[in-house]
Amino acid sequence: GDSVTQMEGPVTLSEEAFLTINCTYTATGYPSLFWYVQYPGEGLQLLLKATKADDKGSNKGFEATYRKETTSFHLEKGSVQVSDSAVYFCALSLNDYKLSFGAGTTVTVRA
Amino acid sequence: NAGVTQTPKFQVLKTGQSMTLQCAQDMNHEYMSWYRQDPGMGLRLIHYSVGAGITDQGEVPNGYNVSRSTTEDFPLRLLSAAPSQTSVYFCASGRGVQYFGAGTRLSVL
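Residues numbered from 1 in each chain as written. Chains lettered and ligands numbered in written order. Predicted model: local features only at pLDDT ≥ 70, side-chain atom pairs only at ≥ 80, totals over all residues. Heavy atoms only, no water.

Enquirer: Explain the overall build of chain A to me, please; I cannot follow it from the model alone.
Expert: When helices and strands are counted, chain A shows 0 helices and 12 strands. Computed over C-alpha atoms, the radius of gyration of chain A comes to 13 Å, within 12% of the 13 Å expected from 2.2 N^0.38 for 111 residues, which places it in the range of a compact globule. Buried positions account for 44% of the 111 residues belonging to chain A. Taking contacts inside chain A between residues at least 6 apart in sequence as the whole, the part at least 24 apart equals 55%. Looking at chain A as shown, the accessible area adds up to about 5300 Å², and 45% of this sits on carbon and sulfur atoms. Here chain A contributes 9 positively and 12 negatively charged side chains, and the mean placements of these two sets differ by 4 Å. (Helix = DSSP H or I, 4+ residues; strand = E, 2+ residues; numbered from the N terminus. Rg over C-alpha atoms; globule rule 2.2 N^0.38 Å. Buried < 20%, exposed > 50% of the residue type's maximum accessible area, 1.4 Å probe, protein only. Contact = heavy atoms within 4.5 Å. Areas by Shrake-Rupley, 256 points an atom, 1.4 Å probe, with all protein chains shown as cover. Lys, Arg positive; Asp, Glu negative; His and termini not counted. Charge placed at Lys NZ, Arg CZ, Asp CG, Glu CD.)

Enquirer: What is the right way to look at the pattern of salt bridges in this model?
Expert: Note that side chains of opposite charge can pair when their charged atoms are close. Residues and elements named next belong to chain A. Evaluation of the coordinates by the stated rule reveals 5 salt bridges over all chains. Note that Lys56 and Glu63 form a salt bridge whose closest N and O atoms lie 3.7 Å from each other. Relative accessible area serves as the criterion here: at 52%, Lys56 is assigned to the exposed category. When the shortest N-O distance is used, the salt bridge between Asp84 and Lys77 registers 2.8 Å. Pair check on accessibility: Asp84 and Lys77 agree, each one buried. (Salt bridge = Lys/Arg side-chain N within 4 Å of Asp/Glu carboxyl O.)

Enquirer: When you look at the pairing of strand β6 (residues 44-50) of chain A in this model, what are you seeing that I'm missing?
Expert: Working note: regular strand, side chains alternate between the two faces of the sheet. Residues and elements named next belong to chain A. Bridge count between strand β5 (residues 32-38) and β6: 6 bridges; the pairing is antiparallel. In the sheet register, Tyr36 faces β6, and the bridge partner there is Leu46. Hairpin connection from β5 to β6: 5 residues lie between these consecutive antiparallel strands, with Gly41 at a positive phi of about 75 degrees. (Pairing = 2+ DSSP bridges.)

Enquirer: What's the story with the packing of aromatic side chains in this structure? I'm lost.
Expert: In this description, a pair of aromatic rings is defined by centroid distance and the angle of the planes. Within this structure, the stated rule accounts for 11 aromatic pairs over all chains. Ring geometry for Phe34 of chain A against Tyr36 of chain A: centres 6.0 Å apart, planes inclined by 35 degrees, an arrangement best described as tilted. The exposure class of Phe34 of chain A is buried, given its relative accessible area of 2%. Look at Tyr36 of chain A and you get buried, because its relative accessible area is 0%. The structure contains a cluster of three or more aromatic residues connected by ring pairs, namely Phe34, Tyr36, Phe89 and Phe101 of chain A together with Tyr35 and Phe100 of chain B. (Phe/Tyr/Trp six-rings, centres within 6.5 Å; stacked < 30°, edge-to-face > 60°.)

Enquirer: How should the interface of chain A and chain B be read in this particular structure?
Expert: How big an interface is tends to be reported as the loss of accessible area on association of its parts. On the side of chain B, 18 residues touch chain A, which itself brings 18 residues to the contact. Across the interface of chain A and chain B, roughly 1500 Å² is buried in total on both sides, 60% from carbon and sulfur atoms. On the surface where chain A and chain B come into contact, there are 0 salt bridges. Our enumeration of links across chain A and chain B arrives at 3 residue pairs in polar contact (both at pLDDT 80 or more). (Buried area = accessible area lost by both parts, 1.4 Å probe. Polar contact = N/O pair within 3.5 Å; in protein donor to acceptor, adjacent residues only side chain to side chain.)

Rendered as structure tokens:
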């Protein structure tokens, strides 16, 4: 079945460090790919998305590129801030509504 | 902008009790869904609905019932709570991009 595997955490970084969270997927068709972020005590919110191969999603300094050849959608940010501390979820959808999520990666940024 | 509203935020139940988790959205979305979030497992789909009067099972439907009588509301019912249902529950709506509520933290003792 369709599934998402993402890098296990937790990840602890210093402010201004580079962040990468790996995400790979298995799907029977051509999924849309998403990164959602969950700040402490809140629900999930969309961070970025890509709907076809080679698309790059970007938002708030975060970027991820849809790589069909490696079935990957790695999340990157060049210089993290304390406010980026959150849980990050990679997800896929084949039909625009049912989402399959990875296990989530907890990121803590220290001042 | 209210978006997706879930009530209650916290609930403690005893084994065997029943309860309904409420979810309402004001964005006129046809698609709504319920997920549960457990440590190390991400979010798993419980039930979903593609419109009023239409519901279907997700990945982990056992022990949960849903109905969809209006576009706005999509309640989740636990008929006889079990400790295995201790979790954080999220309601979401939307197609393409999903919008999530703030969650209900449920403990079953």
